[in-house]
Amino acid sequence: MEFETGSLACSDLDGPFDLQATVESGQSYLWDRADGRMYDSMDVHGGEAWYETVVPPIEDVSDERMVVRVRQLDDRLEWEATGDAVPVLTHLLRLDDDLDAIYETTPDDPLLERAYDAYEGMRLVRDPPFPCLVSFICSAQMRVSRIHGMQMALAESYGDELEVEGRTFDAFPSPDRLADRTEAELRELGLGYRAPYVQRTAEMVAGGDDPADAVGMEYEAARERLTRFVGVGDKVSDCVLLFSLGFLEAVPLDTWIQSAIADHYPDCDRGSYRETSRAIRRRLGGRYAGYAQTYLFHYLRGGGA
DNA sequence: ACCCAGGTCTTTT
DNA sequence: AAAAGACATGGG
């Protein structure tokens, strides 16, 4: 196979776009940097690096599995892909969001304003559901760079290989491929106690239990729905809802947000996940609270405030 | 050596 | 229902 190439102008989008912030903010673990410097903190050259991934077919977007490479040069998004990358990039990186309108809904809040200011142009991602589910099952008690390493290892060990112009790209393994692994095999990759979670969840998905079935449900029902998968509690469920299934009001209550609540929004701590979630979602503006959460996460984790 | 990391599951009050 | 303990592993 060979690459087609093309580019698109970010000035044609509704609002700004920052590729590095979007891909390296710990939302998606399915992209890799061609220069091998993924998650190198404070990398000043990251803005021009190539990012690459293998994208499964997406309903109403692309019929075939596609290798996609992309980089940002100022206002231009340059791509190489085994097909037309524009609709795929638009889907994966939420280039169809009206970011200016979303900024408008952000409540007046000094911390939030600093976070939005620091990473202006960062968008949420729309990861494919199964790889996203596995990514966040792996995320339990794990650092961002290692979560990424695990997904790369899963792809390298058990995913299909695609050759394009002499280079090999590894697709993320299908549910059946992961379901057929043994717990011991997955532990070999360093998944630790998450290994049986991933294997058993893969079995469920391979058996027809589709995480995307939560789409269209009322938000809290959708969150509850995903917790049927092994290794998925309220927090991981929120991550899949936000970073894959388009529930932009979802606010994953991870350790960083918990401490942000303690330090900046103490009245939102209501004891239980359910009630604290309701309070913080309201505080962060409701409909797009997940956007605010992701800016806060990236800003706080990056050493801000 | 010791502590922590985008939590979840199981068992015990 | 709420709290406590177990769980793997690599990097600081």
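Given the structure is predicted, the values throughout are model-derived calculations rather than measurements.

Cut-offs used in this document
- The numbers attached to residues start from 1 for each chain and follow its sequence in the written order.
- For this description, chains carry letters from A and ligands carry numbers from 1, given in the order in which they are written.
- Local features are withheld for residues below a pLDDT of 70 in this predicted model, meaning they are given only at 70 or higher, and side-chain atom pairs are given and counted only at 80 or more; totals for whole chains, interfaces and linings count all residues.
- Derived side-chain values reflect all non-hydrogen atoms in the structure, with water molecules and hydrogen atoms excluded from consideration.
- Domain delimitation follows an automatic or database domain assignment.
- Only heavy atoms enter the contact rule, under which two residues are in contact if any of them lie within 4.5 Å.
- Once two parts are put together, the accessible area they lose, assessed with a 1.4 Å probe and summed over both, is termed the buried area.
- Working definition: residue near molecule or strand if any one of its non-hydrogen atoms lies within 4 Å of it.
- Any pair of N or O atoms that falls within 3.5 Å is considered a polar contact. Within protein, one atom must be able to donate a hydrogen and the other to accept it, and sequence-neighbouring residues count only if both atoms are side-chain atoms.
- Helix and strand definitions here come from DSSP, where helices need a minimum of 4 consecutive H or I residues and strands a minimum of 2 consecutive E residues; each element is numbered from the N-terminal end.
- Note that Gly is not counted as nonpolar here; it falls among the polar residues with everything else outside the nonpolar set of Ala, Val, Leu, Ile, Met, Phe, Trp, Tyr, Cys and Pro and the charged set of Asp, Glu, Lys and Arg.
- Exposure is judged per residue with a 1.4 Å probe applied to protein chains only, and the accessible area is read against the type maximum: over 50% gives exposed, under 20% gives buried, and values in between give partly exposed.
- What counts as a salt bridge is simple: a side-chain nitrogen of Lys or Arg found within 4 Å of a carboxyl oxygen of Asp or Glu.
- Note on pairing: DSSP must find at least two bridges between two strands before they are called paired.
- UniProt positions are given in the numbering used here, feature names are shortened, and annotations may be inferred rather than shown by experiment.
- For helices, the fitted axis covers only the stretch in contact; all axes are lines through C-alpha atoms, and the angles between them, taken along N-to-C directions, range from 0 to 180 degrees.
- What sets the label is the angle itself: under 35 degrees gives roughly parallel, over 145 gives roughly antiparallel, 65 to 115 gives roughly perpendicular, and the rest give oblique.
- Handedness of a crossing is defined here by the sense of rotation of the near helix relative to the far one, left-handed for an anticlockwise turn of less than a right angle and right-handed for a clockwise turn.
- A pair of Phe, Tyr and Trp rings is counted when the ring centres sit within 6.5 Å of each other, with Trp represented by its six-membered ring. The angle between the planes then sorts it: under 30 degrees is stacked, over 60 is edge-to-face, the rest tilted.
- Charge over a ring is defined by NZ of Lys or CZ of Arg lying within 6 Å of the ring centre and within 35 degrees of the ring normal.

Considering the domain arrangement of chain A
Stage number 1. When cut into domains, chain A gives domain 1 (4–96) and domain 2 (129–233).
Stage number 2. Between the C-alpha centres of domain 1 and domain 2 the distance comes to 21 Å.
Stage number 3. If you look at the interface, domain 1 gives 14 residues, while domain 2 gives 17 residues.
Stage number 4. The contact between domain 1 and domain 2 buries some 1400 Å² in all, and 73% of this surface belongs to carbon and sulfur atoms.
Stage number 5. The largest per-residue losses of area from domain 1 upon contact with domain 2 belong to Tyr29, Leu30 and Arg65, which jointly make up 45% of the total buried on that side.

Here's the deal with the protein's contact with DNA strand B
Stage number 1. Lining the immediate environment of DNA strand B, one finds 27 residues, of which Arg143, Val144, Gly233, Asp254 and Gln293 sit closest.
Stage number 2. Counting only atoms of DNA strand B within 4 Å of the protein, the fraction found in sugar and phosphate groups is 52%.
Stage number 3. Take Met142: an N or O atom from its main chain is 3.0 Å from a sugar or linking oxygen of DNA strand B.
Stage number 4. Here a phosphate oxygen of DNA strand B sits 3.4 Å away from a polar atom, N or O, in the main chain of Lys235.
Stage number 5. Elements supplying a minimum of two residues to the surface near DNA strand B: helix H11 (234–243), helix H12 (255–264) and helix H14 (289–301).
Stage number 6. Top contributing element to the surface near DNA strand B by residue count: H11, with 4 residues.
Stage number 7. Among the residues forming the surface near DNA strand B, the class breakdown is 15 nonpolar, 8 polar and 4 charged.

Some thoughts on the side chain of Arg33
Stage number 1. Examined against the element boundaries, Arg33 turns out to sit in strand S2 (residues 32–33).
Stage number 2. Here Arg33 falls in the buried class, since its relative accessible area comes to 2%.
Stage number 3. At 2.9 Å, the side chain of Arg33 forms a polar contact with the side chain of Glu24.
Stage number 4. Within the structure, the side chain of Arg33 is placed 2.6 Å from the side chain of Asp35, a separation counted as a polar contact.

Description of the protein's contact with DNA strand C
Stage number 1. In the vicinity of DNA strand C, the residues found are Arg143, Arg146, Arg187, Gly192, Tyr193 and Arg194.
Stage number 2. Protein-proximal atoms of DNA strand C, defined as those within 4 Å of the protein, fall in sugar or phosphate at a share of 54%.
Stage number 3. At 2.6 Å, a side-chain N or O of Arg143 approaches a base nitrogen of DNA strand C.
Stage number 4. Between DNA strand C and Tyr193 there is a distance of 3.1 Å, counted from a sugar or linking oxygen to a backbone nitrogen or oxygen.

Looking at the pattern of salt bridges
Stage number 1. One pass over the full model with this rule turns up 24 salt bridges.
Stage number 2. With a shortest N-O distance of 2.7 Å, Arg126 and Asp96 are connected by a salt bridge. Here the residue Arg126 occupies a position in the loop between helix H4 (110–118) and helix H5 (129–137), and Asp96 occupies one in the loop between helix H2 (85–92) and helix H3 (99–105), the gap between them amounting to 30 residues.
Stage number 3. We classify Arg126 as buried; its relative accessible area is 15%.

Let's talk about the sheet that holds strand S3 (residues 51–55)
Stage number 1. The strand order across the open sheet formed by 5 strands is S1-S5-S4-S3-S2, and the pairing between neighbours is antiparallel. Since the sheet does not close on itself, it has two edges, and those belong to strand S1 (4–9) and S2, each with one partner.
Stage number 2. Here 2 bridges tie S2 to S3, and the two strands are oriented antiparallel to one another. Each residue of the ladder has a partner; that of Arg33, found in S3, is Tyr51.

Brief notes about the UniProt feature "domain: HhH-GPD" (unreviewed entry) in chain A
Stage number 1. Those places that UniProt annotates as "domain: HhH-GPD" (unreviewed entry) correspond, in this numbering, to residues 138–301.
Stage number 2. Spanning residues 138–301, this segment combines 55% helix with 5% strand, and its end C-alpha atoms are found 19 Å apart.

Description of H11
Stage number 1. Among the 10 residues that make up H11, 8 are buried, leaving the element largely enclosed by the rest of the structure.
Stage number 2. Within H11, burial applies to Val236, Ser237, Asp238, Cys239, Val240, Leu241, Leu242 and Phe243.
Stage number 3. Those residues of H11 that are buried lie in contact with H5, helix H10 (219–226), helix H13 (273–283) and H14.

Thoughts on the packing of H5 against helix H9 (residues 195–206)
Stage number 1. Contact geometry of H5 with H9 gives a least axis separation of 10 Å together with a crossing angle of 155°. What the angle tells us is that H5 and H9 run roughly antiparallel. Here H5 runs over H9; the crossing is right-handed. From H5, Phe130, Leu133, Val134 and Ile137 reach across to H9, where they touch Tyr197, Val198, Thr201, Ala202 and Val205.

Structural notes on the packing of aromatic side chains
Stage number 1. If you walk through the whole model with that rule in mind, you get 9 aromatic pairs.
Stage number 2. Both rings, one in Tyr116 and one in Tyr295, keep their centres 4.2 Å apart while their planes meet at 20°; by these two values the pair is stacked. Of this pair, Tyr116 sits in helix H4 while Tyr295 sits in helix H14, and the two are 179 residues apart along the sequence. Here Tyr116 matches Tyr295 in class, with each residue buried.
Stage number 3. Put simply, the rings of Tyr29, Phe136 and Phe243 touch in pairs and so form one group of aromatic residues.
Stage number 4. In this arrangement the basic side chain of Arg69 is found over the ring face of Trp50, its NZ or CZ atom lying 4.7 Å from the centre.
Stage number 5. Above the face of the Tyr193 ring, Arg194 is positioned so that its terminal group lies 4.2 Å from the ring centre.

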